[in-house]
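# Architecture at a glance
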Amino acid sequence: MSDYSKQIEKQLKTLLNESEGLITKPVGEKIAICFMSGMVDCEQINQNVIGKIIEKNQYENIESLSDQIAIGECKLFDQMSSAIQKLLSGSALVFMEGSKEGIIVSVANIPTRSPSNAENETTIYGPMQAFTESMGKNIALLRSYITSPKLIQEEIQLNMDTNTVGTMLYMQSPDVIPFIEIIRKRIERRKVKGVFGSPLLLKLLTDNKYSLFPEMTLTERPDLTSRALLKGKVVVLMEGNSQVIIGPTTFFDFFYSVEDRYNTWGIGTFTRLLRAVAFLFSIFLTPMYVAALTYHYEVIPVPLLEPLISTRIRVPFPPLLEALVMETSIELLREAGARLPTKVGQTMGIVGGIVIGQAAVQAGFTSNTLVMLVALAALGSFTTPNYMMGSTIRFVRFPMLIAAGALGLVGIAFFAIFLLIHLLRMTSYGKPYLYPLYPPDTKGMLNATLITNSAEFAYRTDLTKRNDSSWRSKFMKKLKSDNDD
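Residues numbered from 1 in each chain as written. Predicted model: local features only at pLDDT ≥ 70, side-chain atom pairs only at ≥ 80, totals over all residues. Heavy atoms only, no water.

### Concerning the overall build of the chain
Going by this rule: The numbering of helices and of strands both runs from the N terminus, where a helix is a DSSP run of H or I of at least 4 residues and a strand a run of E of at least 2. Buried, partly exposed and exposed residues are distinguished by accessible area as a fraction of the type maximum, computed with a 1.4 Å probe on protein chains only: under 20%, between the cut-offs, and over 50%, respectively. Note on definitions: a residue-residue contact is assigned when non-hydrogen atoms from the two residues lie within 4.5 Å.
When its secondary structure is counted, the chain shows 18 helices and 12 strands. Across the 485 residues of the chain, 45% fall into the buried class. Here the contacts in the chain between residues at least 6 apart in sequence split such that 65% fall between residues at least 24 apart.

### A look at the layout of surface pockets
Put simply, the rule is: In this analysis, the protein atoms alone were mapped onto a 1 Å grid. Cavities are point sets where a 1.4 Å probe fits without being able to get out; pockets are open sets with protein on both sides within 12 Å along at least five of seven lines; lining residues have an atom within 4 Å of a point. Grid points are joined across faces, edges and corners, and a volume is the space filled by probe spheres set on the points. For this scheme, ten residues count as nonpolar: Ala, Val, Leu, Ile, Met, Phe, Trp, Tyr, Cys and Pro. Four count as charged, namely Asp, Glu, Lys and Arg, and the remainder, Gly too, count as polar.
One number sums up the size of the second largest pocket: a volume of about 1300 Å³. Lining the second largest pocket are 40 residues; nearest its centre among them are S89, I110, M135, V165 and E239. Of all the secondary-structure elements, those providing two or more residues to the lining of the second largest pocket are β3 (74-77), α4 (80-88), β5 (102-105), α5 (135-145), β6 (151-157) and β7 (165-171). A class-by-class count of the residues in the lining of the second largest pocket yields 15 nonpolar, 17 polar and 8 charged.

### Focus on the sheet that holds β3
Quick reminder of the rule: Note on pairing: DSSP must find at least two bridges between two strands before they are called paired. Simply put, an axis is a line fit to the C-alpha atoms, just over the touching stretch for a helix, and the angle between two N-to-C directions goes from 0 to 180 degrees.
Strand order in this open sheet of 5 strands is β1-β2-β4-β5-β3, and the pairing throughout is antiparallel. Strands at the two margins of the open sheet, each flanked by one partner only, are β1 (22-27) and β3. Pairs of neighbouring strands in the sheet enclose a mean axial angle of 25°, with direction left out of account. Across 6 bridges, the pairing between β1 and strand β2 (residues 31-36) is antiparallel. For T24, the partnering residue across the bridge sits in β2 and is C34. Lying on the sheet, helix α2 (residues 42-55) is in contact with β1, β2, β4 (92-96) and β5; it crosses β2 at an angle near 170°.

### So, the confidence of the model for the chain
This is how it is decided: The score called pLDDT rates the predictor's confidence residue by residue, from a low of 0 to a high of 100.
The pLDDT averaged across the chain works out to 81; a share of 88% of its residues lies at or above 70. No element of the chain has a lower mean pLDDT than helix α18 (residues 471-484), at 52, and none a higher one than helix α16 (residues 409-425), at 94.

### Brief notes about unusual backbone geometry
Excluding glycine, most residues fall at negative phi; most peptide bonds, likewise, are trans. With an omega of -5°, the peptide bond between G247 and P248 qualifies as cis. When you line up the elements, P248 lands in the loop between β10 (244-247) and α9 (259-262). With an omega dihedral of 5°, the bond running from Y435 to P436 counts as a cis peptide bond. Relative to the elements of secondary structure, P436 occurs in the loop between β12 (431-432) and α17 (442-449). Phi is positive for Y429, which is not a glycine, with a value near 55°. Counting through the fold element by element, Y429 comes out in the loop between β11 (427-428) and β12.

### Looking at helix α6 (residues 177-189)
As a reminder of what qualifies: Each residue after the first adds 1.5 Å to the expected span of a helix. In this description, the arc belongs to the directions extending from the helix axis to the C-beta atoms.
With 13 residues, α6 should cover 18 Å at 1.5 Å per step; its first-to-last C-alpha distance of 18 Å lies within 8% of that length. Of the residues making up α6, those classed as buried are F179, I180, I183, R186 and I187. Along the long axis of α6, the arc covered by the buried residues comes to 135°, so they all point the same way. Facing away from the buried side of α6 by more than 90 degrees, the exposed set consists of K185, E188 and R189. Against β6, β7, α7 (198-205), β9 (234-238) and β12 lie the buried residues of α6.

### Digging into the packing of aromatic side chains
In plain terms, the rule: Stacked, edge-to-face and tilted are the three classes for Phe, Tyr and Trp ring pairs, Trp counted by its six-membered ring, which pair at centre distances within 6.5 Å; planes under 30 degrees apart are stacked, over 60 edge-to-face, the rest tilted. Only when the NZ of Lys or the CZ of Arg is both within 6 Å of the ring centre and within 35 degrees of the ring normal is a charge said to sit over the ring.
Counted by the stated rule, this structure contains 9 aromatic pairs. Ring geometry for F77 and F95: centres 5.8 Å apart, planes at 90°, overall edge-to-face. In this pair, F77 sits in strand β3 while F95 sits in strand β4, placing the two residues 18 residues apart along the sequence. Both residues of the pair, F77 and F95, belong to the buried class. Ring pairing ties together the aromatic residues F213, F251, F252, F255, F279 and Y433, which thus form one cluster. Over the ring of Y256 we find R272, and its NZ or CZ is 4.1 Å from the ring centre.

### A short note on the UniProt feature "transmembrane region" (unreviewed entry) in the chain
Selection criterion: UniProt positions are given in the numbering used here, feature names are shortened, and annotations may be inferred rather than shown by experiment.
Taking the numbering used here, the UniProt-annotated feature "transmembrane region" (unreviewed entry) corresponds to residues 276-297 and 401-424. With 86% helix and 0% strand, residues 276-297 has its two end C-alpha atoms placed 27 Å apart. Structurally, residues 401-424 is divided into 96% helix and 0% strand, and its ends, taken at the C-alpha atoms, are 22 Å apart.

### Things to note about the side chain of T225
With respect to the helices, strands and loops of the structure, T225 is situated in helix α8 (residues 222-230). The class for T225 is buried, based on a relative accessible area of 0%. In this view, T225 contacts F131, L142, T219, V235, V244 and I246; residues no more than four positions away in its chain are not counted.

### Overview of the sheet that holds β10
Read from one edge to the other, the open sheet built from 5 strands follows the order β6-β7-β9-β10-β8, with strand pairing classed as antiparallel. The open sheet has two edge strands with one neighbour each: β6 and β8 (217-219). Neighbour to neighbour, the strand axes of the sheet diverge by 25° on average, direction disregarded. Bridge count for β8 against β10 is 3 bridges, and the pairing is antiparallel. In the sheet register, T219 faces β10, and the bridge partner there is V244. The strands touched by α6 within the sheet are β6, β7 and β9, with β7 carrying the most contacts at an inclination of about 170°.

### Focus: the environment of L169
In this structure, L169 sits in strand β7. C-alpha of L169 to C-alpha of V236: the two residues are 67 residues apart in sequence and 6.5 Å apart in space. Excluding anything up to four places from it in sequence, L169 contacts I139, L142, L151, I152, Q153, L229, K233, V234, V235 and L237.

### A word on a nonpolar patch on the surface
The condition is simple: Residues enter a patch when their relative accessible area is above 30% and they make no salt bridge; the linking distance is 9 Å between like charges and 5 Å between nonpolar side chains (Val, Leu, Ile, Met, Phe, Trp, Tyr). In short, Shrake-Rupley with a 1.4 Å probe defines the accessible areas, and a residue's cover is counted only from the protein chains shown. Salt bridge, as used here, is a side-chain nitrogen of Lys or Arg placed within 4 Å of a carboxyl oxygen of Asp or Glu.
A surface patch of nonpolar side chains, amounting to about 390 Å² of accessible area, comprises M372, L376, L379 and F382. With respect to the helices and strands, the residue M372 is situated in helix α14 (residues 368-382). By relative accessible area, M372 is classed as partly exposed at 48%.

Pasting the structure below:
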């Protein structure tokens, strides 16, 4: 190794805190090529960098050396510290004796998988591709859906020790500017040690960080992401993550599936209404059972009262404790099935549910009626297309059960009102979380519920349109004018 190559290697190792993995390849006496082991395409290094440099031994300056390299993504740098991040990201650095500048050559070959079928958001119709852990491949997938110059790509540097790089994608429009500014300010203001997943970054971008309800969507589907971009929303990607962040998002967006648009309007509308009924079942079914058996026997029809009494004769626990035991058992089965390997997990969920339910009834721990209601409530939560919202629904059911056991229907009403007030106060990137229910928008409600021909490709809504004044002030002014009339 030449003296110049040893000098460059010493400087880089000092900046890398003497870390191993740095490879320095001398080319003659005056040129040195440095890269990190296992992160570059060695074939490109040998053929398009070293091979091309050797073809011409003499170089007048660093610019002529850069022109000789047969790789398109080459750029000069003048600060060694600024090139370290590129070196650690998989680029190669080329130095030339006598020049204060160097060359960053993009030859990264970080291990990643090819796009595969979506596993968490499966559909029968439409595209099956899913995002991967490579941000470059994910952006390429989105650009294959939207081949428009209005699709803007903006790199964002997250303030953390890991120097993680993110990317914002959005359609060029004045309406999207407020969302972009919010993301920039929050990323600049919040400094953390490291963010290794999109869910962690999502927490840094939320308006209400202590809320149980998700404010933005995580998805692995390029077609769903492309549709969100056309709606005027902002997409945030992170290197090394197969899920992207979409915002702003409303409460009702979590119950829509991209497959609703692929079906006929009747089937799509029926499916959406079915999910709404399943949502109500999931939250209120078992609490209503507990409230009725504890405080309100009079609301139970007489033909159902005798079977209920006969099934509860052997149960030694009050309805609240009985329901909590069954709900906890369902959650344990779900968690165990999720953590086990796929085939074992499916068997565990099916067999475990049947065995535990039958054994609990025969042992007198619970009644047949409650087993059926708990199963319906669990199925209702699983119909939610978004996993984050489904988890929130399952959690909310427990305090609702306690309220029903403590105060009956009054407790259910109080807790439901508390949830409604909380949702009314929530925002996503400053936009109302319960839109189009609040502020009320008749056209938005129809488009959200019915999949009509007129709404099939009506992507833009009032949610993503830019308003000079806040939606709250406009809504209050409208209420005041109605009262004056």
